[in-house]
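Chain by chain, the residues run as shown.
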Amino acid sequence: AQSVSQHNHHVILSEAASLELGCNYSYGGTVNLFWYVQYPGQHLQLLLKYFSGDPLVKGIKGFEAEFIKSKFSFNLRKPSVQWSDTAEYFCAVINYNQGGKLIFGQGTELSVKP
Amino acid sequence: DAGVTQSPTHLIKTRGQHVTLRCSPISGHKSVSWYQQVLGQGPQFIFQYYEKEERGRGNFPDRFSARQFPNYSSELNVNALLLGDSALYLCASSTYPGEGLETQYFGPGTRLLVL
């Protein structure tokens, strides 16, 4: 069965700390991966995506993610977090065998202390 | 350009009632998907429509139905509401739902509370 697993449910960091959020997927088809972010009171926004090519993808607000096919992983990173990065982060894989079904992980809540 | 819009923003219903949620995609987008997000979980796929045809359906009961109109807007209908249907219902739109091409953009959602 297709699934996405996010290792951390809640991460607490101080400003300027480095961030890495883990994401592992289980899916046998064409692998297109996404990270979405949900800031408090706002809707889901696309942070970055991987379709093909360079496995290191850069997104908005200084975020990047690395696709490692052998590890079925797509971890999100940021070298120095800010208080404004406080949000919930969702990793997702798209299942083209069921239309364009996005399969989401359970989310990681990031709290950044000023 | 306007993003994905959804209406209403909030809704309170009682068990057994019916509800209709509406979504307008980003201009130029022809595909609409619906998701249910329960508190503390990631969104769960309900339906996807492209050019008024259903392309995919998630593991939801037949009480859930949807349709897409010629202007690509969409409605999600839920009959015989249960307490467990209380959730945030998200609509997402994309240009063309082709393999290796699709990026979905989400609206603000409709928060449904069933009493």
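Here's a quick rundown of the structure. (Residues numbered from 1 in each chain as written. Chains lettered and ligands numbered in written order. Predicted model: local features only at pLDDT ≥ 70, side-chain atom pairs only at ≥ 80, totals over all residues. Heavy atoms only, no water.)

Some words on the state of the cysteines
Then step 1. The tally for this structure, following the rule as stated, stands at two disulfides over all chains.
Then step 2. In this model A:C23 forms its disulfide with A:C91; the gap between the sulfur atoms is 1.9 Å. Between A:C23 and A:C91, the S-S torsion sits near -65 degrees, and that sign places the bridge as left-handed. Here A:C23, found in strand β4 (residues 23-26), pairs with A:C91, found in strand β10 (residues 87-95); they are 68 residues apart in sequence, far enough to count as distant.
Then step 3. Classification of A:C23 by relative accessible area gives buried; the value is 0%.
Then step 4. On the basis of relative accessible area, A:C91 is assigned to the buried category, the value being 0%.
Then step 5. Between the sulfur of B:C23 and that of B:C91 lies a disulfide, 1.8 Å long from S to S. (Disulfide = S-S within 2.5 Å. Helix = DSSP H or I, 4+ residues; strand = E, 2+ residues; numbered from the N terminus. Buried < 20%, exposed > 50% of the residue type's maximum accessible area, 1.4 Å probe, protein only.)

Concerning the pattern of salt bridges
Residue and element names in this part refer to chain A.
Then step 1. Across all of its chains, the model carries nine salt bridges over all chains by this definition.
Then step 2. A salt bridge links E64 to K58, with the nearest nitrogen and oxygen atoms 3.0 Å apart.
Then step 3. Note on K58: relative accessible area 64%, which makes it exposed.
Then step 4. With a closest N to O distance of 3.2 Å, R77 and E66 form a salt bridge. (Salt bridge = Lys/Arg side-chain N within 4 Å of Asp/Glu carboxyl O.)

A short note on the layout of surface pockets
Then step 1. Estimated volume of the largest pocket: approximately 530 Å³.
Then step 2. What lines the largest pocket is a set of 25 residues, among which A:Q38, A:G41, A:Q42, B:L88 and B:R111 lie closest to the centre.
Then step 3. When residues of the lining of the largest pocket are traced back to their parent elements, those giving at least two are β10 and β12 (108-113) of chain A together with β9 (87-94) of chain B.
Then step 4. For the lining of the largest pocket, the class distribution of residues is 10 nonpolar, 12 polar and three charged. (1 Å grid on protein atoms, 1.4 Å probe; cavity = no way out; pocket = protein on both sides within 12 Å on 5 of 7 lines; lining within 4 Å. Points joined across faces, edges and corners; volume = space filled by probe spheres on them. Nonpolar A, V, L, I, M, F, W, Y, C, P; charged D, E, K, R; others polar.)

Quick word on the side chain of B:S31
Then step 1. Structurally, B:S31 can be placed in strand β4 (residues 31-37).
Then step 2. Polar side-chain contacts of B:S31 include one of 3.1 Å to the backbone oxygen of B:Y49. (Polar contact = N/O pair within 3.5 Å; in protein donor to acceptor, adjacent residues only side chain to side chain.)

A few points about the sheet that holds strand β3 (residues 19-24) of chain B
Residue and element names in this part refer to chain B.
Then step 1. One open sheet holds the four strands; their spatial order is β1-β3-β8-β7, and the pairing between them is antiparallel. On the outer flanks of this sheet lie β1 (5-7) and β7 (64-68), each paired with one strand and no other. If you compare each strand with its neighbour and ignore which way they point, the axes differ by 15 degrees on average.
Then step 2. As defined by bridge partners, β7 adjoins strand β8 (residues 74-78) across five bridges and the pair is classed as antiparallel. If you follow S65 over to β8, its bridge partner there is N77. (Pairing = 2+ DSSP bridges. Axes fitted to C-alpha atoms, helices over the stretch in contact; angles between N-to-C directions.)

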